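Report on the structure
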Protein chains: 2
Amino acid sequence: MTDTRQKILDTAERLFGEFGYSDTSLRHIISEAGVNLAAIHYHFGSKQDLLDQVIMRKAGPINENRLKFLDHFETEAAPQPAPVEKIIEAFLTPLLAIEKNPEFVKLMGRVHAEGLMPEIASRNFQPMIARFISALHRALPDLPAKELAWRAHFALGAMAHAMTLRPEVDLEAAREAPSMIVRMLIAFISGGFCAPIVMDKETEVNP
Amino acid sequence: MTDTRQKILDTAERLFGEFGYSDTSLRHIISEAGVNLAAIHYHFGSKQDLLDQVIMRKAGPINENRLKFLDHFETEAAPQPAPVEKIIEAFLTPLLAIEKNPEFVKLMGRVHAEGLMPEIASRNFQPMIARFISALHRALPDLPAKELAWRAHFALGAMAHAMTLRPEVDLEAAREAPSMIVRMLIAFISGGFCAPIVMDKETEVNP
DNA sequence: GTCTATACTGAGATAGAC
DNA sequence: GTCTATCTCAGTATAGAC
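Residues numbered from 1 in each chain as written. Chains lettered and ligands numbered in written order. Predicted model: local features only at pLDDT ≥ 70, side-chain atom pairs only at ≥ 80, totals over all residues. Heavy atoms only, no water.

**Some points on the protein's contact with DNA strand D**
Of all residues adjacent to DNA strand D, which total 14 residues, the nearest are Leu26, Arg27 and Lys47 of chain A together with Asn36 and His43 of chain B. In DNA strand D, the atoms that sit within 4 Å of the protein are 50% sugar and phosphate, with bases accounting for the remainder. Lys47 of chain A has a polar side-chain atom sitting 2.7 Å from a phosphate oxygen of DNA strand D. Broken down by secondary-structure element, the contributors of at least two residues to the surface near DNA strand D are helix H2 (26-33) and helix H3 (37-44) of chain A together with helix H3 (37-44) of chain B. Class assignment for the residues of the surface near DNA strand D results in five nonpolar, seven polar and two charged. (Near = heavy atom within 4 Å. Polar contact = N/O pair within 3.5 Å; in protein donor to acceptor, adjacent residues only side chain to side chain. Helix = DSSP H or I, 4+ residues; strand = E, 2+ residues; numbered from the N terminus. Nonpolar A, V, L, I, M, F, W, Y, C, P; charged D, E, K, R; others polar.)

Set out below in structure tokens:
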């Protein structure tokens, strides 16, 4: 029976999102899911592995959508490369379309904020990330590959931080107009990618 | 005697930076500092409060330097407002001048990555942050205050993420040329702040 | 194969003697 | 101020019932 497994995954996703990873005990999860403590370790091995599987269950479809959007924008712009703003939009929209999955965005924000984005997830995301990097490389042919990599790193940080809605920045408005935040984030990150080049061209290494 | 207190602070700073907050037990700290477990709770109250004080001890001078740099750039540009790049540079350089305090940067990166930037620290940073926000407001008079606040939020995320050096982006080069990373980060964040405006002007609220 | 009951180790916190 | 002893709760491991 996979019913127990399912209940654990659903409850864990909800509680991890609500209270964060480290502030959610396994005993809390089992009490709400109505299962036994050892069942978690039987099905998932450890608390960390449970988190991995909670994330992976939802991340697959999101990453597929990201690539679909990217393909769409690239064919739309062909034979020109897709513009930077569209590439960023393709990356952000499938995750941050908050009306569809607010629970999961909250969870991902928490996971990022707690520095838990696990190696397993990181590995599974790698092919998708590589696709976006090469799209950006075509859109910004003069930007050295290394500086592009660093800017992608900065951009991920901005995105992760944006997902953890902080009270300083008008939480109420955020709830009213999530799409506004996404648009502002797209503008900010695109501006960052299009900034003047700092690094010497010579340092470049082709992918 | 404040010797015990001092030894605890020094050891905690080193171990928190090396292993992270949650992976550093109080028992590890006391064994290296040569003090008793209860001494930590006597002097600091809790593990979280210990972290707060470790951060606050070093953050004060850094924030003073930030304001000094900002003043310098503003008088230099007067009567024009200081340019965005200089404002960002004034904010980042005092912390990220890695040659001077690599231990503390590592700690701050860890703290950010673990989502622990405590409310106490956040409160103590508030006046300094407000100074920078108003400087940015003068440099970007057309940008609505709310969008400026969000962009500052995004920028902090990029900075925090940049402090957690990840292996994906050429760790070796990072160690050789930390100032290069700072310059790239300044360019990225400045580009983000100077991006086209998204939000309606009407939503603005004056500080 | 699936699940329950229970025990083990190590964490942060606290009370009270000195 | 400091130390010992102890408490509660966490994640984990295992033995054995169905």
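Moving on, there is more to tell.
**Some thoughts on the packing of helix H1 (residues 3-19) of chain B against helix H4 (residues 47-77) of chain B**
Residue and element names in this part refer to chain B. Where H1 contacts H4, the two axes come as close as 10 Å, and the packing angle between them is 90°. Considered as vectors, H1 and H4 are oriented roughly perpendicular to each other. Taken together, the residues of H4 that come into contact with H1 (itself represented by Arg5, Gln6, Ile8, Leu9, Asp10, Ala12, Glu13 and Phe16) are Lys47, Leu50, Leu51, Gln53, Val54, Arg57 and Lys58. A breakdown of the residues in the contact of H1 with H4 according to their chemical character gives seven nonpolar, two polar and six charged. (Axes fitted to C-alpha atoms, helices over the stretch in contact; angles between N-to-C directions. Parallel < 35°, antiparallel > 145°, perpendicular 65-115°, else oblique. Contact = heavy atoms within 4.5 Å.)

**Digging into the relation of the copies chain A and chain B**
Two copies of one chain are present, and they are related through a rotation about an axis combined with an axial shift. Taken as rigid bodies, chain A and chain B are interconverted by a rotation of 179° and an axial shift of 0.0 Å, the fit giving an RMSD of 0.2 Å. What we have between these two chains is a two-fold relation. Here 100% of the interface residues in chain A have copies in chain B that are interface residues too; the copies meet face to matching face. (Least-squares fit on C-alpha atoms with pLDDT ≥ 70 in both.)

**Here's the deal with the interface of chain A and chain B**
The interface of chain A with chain B comprises 39 residues on the first partner and 39 residues on the second. In this assembly, chain A packs against chain B so that about 3,400 Å² is buried in total across both faces, 76% of it on carbon and sulfur atoms. The largest contributions to the chain A side of the interface with chain B come from Trp150, Phe154 and Phe188 of chain A, which together make up 24% of the buried area. For the interface between chain A and chain B, the tally reads zero salt bridges. If you look at where chain A meets chain B, you find zero residue pairs in polar contact (both at pLDDT 80 or more). Secondary structure elements with two or more residues in the side of chain A that touches chain B: helix H6 (102-113), helix H8 (145-163) and helix H10 (178-193) of chain A. If one sorts the elements of the side of chain A that touches chain B by residue count, H8 of chain A sits on top with 13 residues. Taken together, the residues of the side of chain A that touches chain B sort by class into 23 nonpolar, eight polar and eight charged. (Buried area = accessible area lost by both parts, 1.4 Å probe. Salt bridge = Lys/Arg side-chain N within 4 Å of Asp/Glu carboxyl O.)

**Digging into the packing of aromatic side chains**
Following the criterion strictly, the structure yields 13 aromatic pairs over all chains and no others. Note on Phe188 of chain A and Phe188 of chain B: the rings are 6.4 Å apart at their centroids and 80° apart in plane angle, and the pair reads as edge-to-face. Here Phe188 of chain A, found in helix H10, pairs with Phe188 of chain B, found in helix H10 (residues 178-193), and the two come from separate chains. The burial state of Phe188 of chain A is the same as that of Phe188 of chain B; both residues are buried. (Phe/Tyr/Trp six-rings, centres within 6.5 Å; stacked < 30°, edge-to-face > 60°. Buried < 20%, exposed > 50% of the residue type's maximum accessible area, 1.4 Å probe, protein only.)

**A few points about the state of the cysteines**
Tallied over the entire structure, the rule returns zero disulfides over all chains. Here Cys194 of chain A stays unpaired: no disulfide links it, and the sulfur of Cys194 of chain B, its closest cysteine neighbor, is 12 Å away. On the accessibility criterion, Cys194 of chain A (44% relative accessible area) is partly exposed. (Disulfide = S-S within 2.5 Å.)

**Concerning the nonpolar core**
Among the nonpolar cores identified, the biggest contains 133 residues, and Leu50 and Phe193 of chain A together with Leu50 and Phe193 of chain B are the most heavily contacted of them. Looking at this core element by element, the count peaks at 10 residues for H10 of chain A. Residues contacting Phe193 of chain B, with those up to four places away along its chain left out, are Phe188 of chain A together with Val84, Ile88, Leu136, Leu140, Leu143, Leu148, Arg151, Ala152 and Ala155 of chain B. (Core = buried A, V, L, I, M, F, W, Y, C linked by side-chain atoms within 4.5 Å.)

**Some points on unusual backbone geometry**
Each neighbour pair has its own omega, and for Ala78 of chain A with Pro79 of chain A the value is 5°, a cis peptide bond. Among the secondary structure elements, Pro79 of chain A is positioned in the loop between helix H4 (47-77) and helix H5 (84-96).

**Looking at the side chain of Arg66 of chain A**
All names here are of chain A. Looking at the secondary structure, you find Arg66 in helix H4. Comment: no salt bridge for buried Arg66; closest opposite-charge side chain is Glu64, at 12 Å. Leave out the neighbours within four places in its chain, and Arg66 touches Ala90, Phe91, Pro94, Leu95, Met128 and Phe132. (Lys, Arg positive; Asp, Glu negative; His and termini not counted.)

**Description of the environment of Arg183 of chain A**
Mapped onto the elements of the fold, Arg183 of chain A is located in helix H10. Spatially, the C-alpha atoms of Arg183 of chain A and Cys194 of chain A are 16 Å apart, while their sequence positions differ by 11 residues.

**Some details on the pattern of salt bridges**
A full pass over the atoms with the stated rule returns 19 salt bridges over all chains. Taking the shortest distance from any N to any O, the salt bridge between Glu74 of chain A and Arg138 of chain A comes out at 2.8 Å. Highlighted residues: Glu74 of chain A in helix H4 and Arg138 of chain A in helix H7 (residues 119-139), separated in sequence by 64 residues. Of the residues examined, Arg138 of chain A reaches a relative accessible area of 42% and is grouped as partly exposed. Two residues, Glu147 of chain B and Arg151 of chain B, come together in a salt bridge whose shortest N-O distance is 3.1 Å.

**Brief notes about the protein's contact with DNA strand C**
Lining the immediate environment of DNA strand C, one finds 14 residues, of which Thr4, Asn36 and His43 of chain A together with Arg27 and His41 of chain B sit closest. Between DNA strand C and Thr4 of chain A there is a distance of 2.6 Å, counted from a phosphate oxygen to a side-chain nitrogen or oxygen. At 2.9 Å from a phosphate oxygen of DNA strand C is found a main-chain nitrogen or oxygen belonging to Leu26 of chain B. Of all elements in the fold, only H3 of chain A together with helix H2 (26-33) and H3 of chain B reach the threshold of two or more residues within the surface near DNA strand C.

**Description of the environment of Pro61 of chain A**
Within the fold, Pro61 of chain A resides in helix H4. In this structure the C-alpha to C-alpha distance between Pro61 of chain A and Leu95 of chain A, which are 34 residues apart in sequence, comes to 9.8 Å.

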